[in-house]
Amino acid sequence: MTDTVVASASREVVIGFERPFVVIGERINPTGRKVLAAEMKVGDYHRVVDDALAQVAAGAHMLDVNAGIPLADEPAILAEAVELVQSVTDVPLSIDSSIVAALEAGLAVYRGKALVNSVTGEEDRLESVLPLVARHGAAVVAISNDETGISEDPDVRFEVARKIVERAQDHGIPASDVVVDPLVMPIGAINSAGRQVMRLVGRLRAELKVNTTCGASNVSFGLPNRNGINSAFLTMAIGAGMTSAITNPMHDGVMQAVLGADVMMGNDPDCVRWIGKYREAGASDGARGNRRDRPRRRRRG
């Protein structure tokens, strides 16, 4: 059993094979959110605070914090956002950037053990991000692509993941602190994308013994009713062995899928979390019952 421990100053979250699925809230990300990007660029973080609190209230166990705004001072903005989010909630954070200087700025102000998002298999990325992760005692998301791009062959992506895990160990980072992203592609464009991920997650768990995560909403890109697709994907991914995902906890269907999958996988003993979440909402209906749901008695002639 592999456990990846991440922490804020006062709370630990454990991502693990035999543990409840970890939901990492995705909404603190200006990509595709013009209003949020404009606000963060000028130092207005009220929407960041609102999103942080709302996601935690909806059930997020961690929050991803991204400040990728074109022509902005991303290191400074990311550091400010990390400090602010940590001041209003105690859940651990995923510090998310493609810019190493921004990751370094976020880690410098972070209190606890962060999840760094992310490192890929490119040589320059390995040698710039992994020493930073090791120096700060963080965990890291390993994205399974390299200089050759993203392969549609899950076996090729597996070998990239293996390379990253081995290189992390060379830097003193244990495999338990590497959370592999198998890369979820849009199912509307690549019909086999779902099967690819399920196969890869199984190999990552069985052979590399690492935890996994993904940007779950990528799977539904370009399709109607995206939350329906996302929910179906998460249920199947959890069944295949995925242990966390960056997703939107504000959608009830997504959270129901996660909680229900935990029940089915035996990671919610006695259905305690499911009952705690839904018993009160359905108590009055359940007490009265529905006439159509009651067993029918056969009338005697």
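Structural notes, computed from the coordinates. Predicted model, so just to flag it, every value in this text is computed and none were measured. (Residues numbered from 1 in each chain as written. Predicted model: local features only at pLDDT ≥ 70, side-chain atom pairs only at ≥ 80, totals over all residues. Heavy atoms only, no water.)

In this section: the overall build of the protein. Each helix and strand counted, the protein has 10 helices and 10 strands in total. Relative to the globule expectation of 19 Å for 301 residues, the C-alpha radius of gyration of the protein, 20 Å, shows essentially globular dimensions. Along the three orthogonal principal directions, the C-alpha set of the protein runs to about 85 × 45 × 35 Å. The buried share among the 301 residues of the protein stands at 49%. For the protein, contacts bridging at least 24 residues in sequence account for 68% of all contacts bridging at least 6. Roughly 14400 Å² of accessible area belongs to the protein as shown, and the carbon and sulfur atoms make up 52% of that amount. Considering the protein, the positive charge centre built from 33 side chains and the negative charge centre built from 38 side chains are found 15 Å apart. (Helix = DSSP H or I, 4+ residues; strand = E, 2+ residues; numbered from the N terminus. Rg over C-alpha atoms; globule rule 2.2 N^0.38 Å. Buried < 20%, exposed > 50% of the residue type's maximum accessible area, 1.4 Å probe, protein only. Contact = heavy atoms within 4.5 Å. Areas by Shrake-Rupley, 256 points an atom, 1.4 Å probe, with all protein chains shown as cover. Lys, Arg positive; Asp, Glu negative; His and termini not counted. Charge placed at Lys NZ, Arg CZ, Asp CG, Glu CD.)

Time to look at the pairing of strand β6 (residues 115–119). The buried fraction of β6 is high, at five of five residues. Pairing of strand β5 (residues 93–96) with β6 involves three bridges; the strand directions are parallel. Paired with Ser-94 across the two strands is Leu-115, which belongs to β6. You can see the chain leave β5, run along helix α4 (residues 100–109) and come back into β6, and the turn it takes is right-handed. For β6 and strand β7 (residues 139–143), the ladder comprises four bridges, and the chain directions are parallel. Bridged to Asn-117 within β7 is Val-141. At this point the chain moves from β6, through helix α5 (residues 123–136), to the parallel β7, and the crossover so formed is right-handed. (Pairing = 2+ DSSP bridges. Right-handed = clockwise from strand over helix to strand, strands pointing away.)

Between the first and last C-alpha of helix α2 (residues 46–58) there are 18 Å, a value that for 13 residues agrees with the 18 Å anticipated at 1.5 Å per step. Residues Val-48, Val-49, Asp-51, Ala-52, Gln-55 and Ala-58 constitute the buried set of α2. (Expected span 1.5 Å × (residues − 1).)

Let's shift gears to unusual backbone geometry. Residue Ser-118 follows Asn-117 across a cis peptide bond; omega there is 25°. Topologically, Ser-118 is positioned in strand β6. Positive phi, normally seen in glycine, also occurs at Leu-71, with a value near 60°. Of note in the backbone geometry, Cys-271 takes a positive phi value of approximately 60° without being a glycine. Turning to its location among the elements, Cys-271 is positioned in the loop between α9 (252–264) and α10 (272–288). Using a relative accessible area of 31% as the deciding quantity, one classes Cys-271 as partly exposed.

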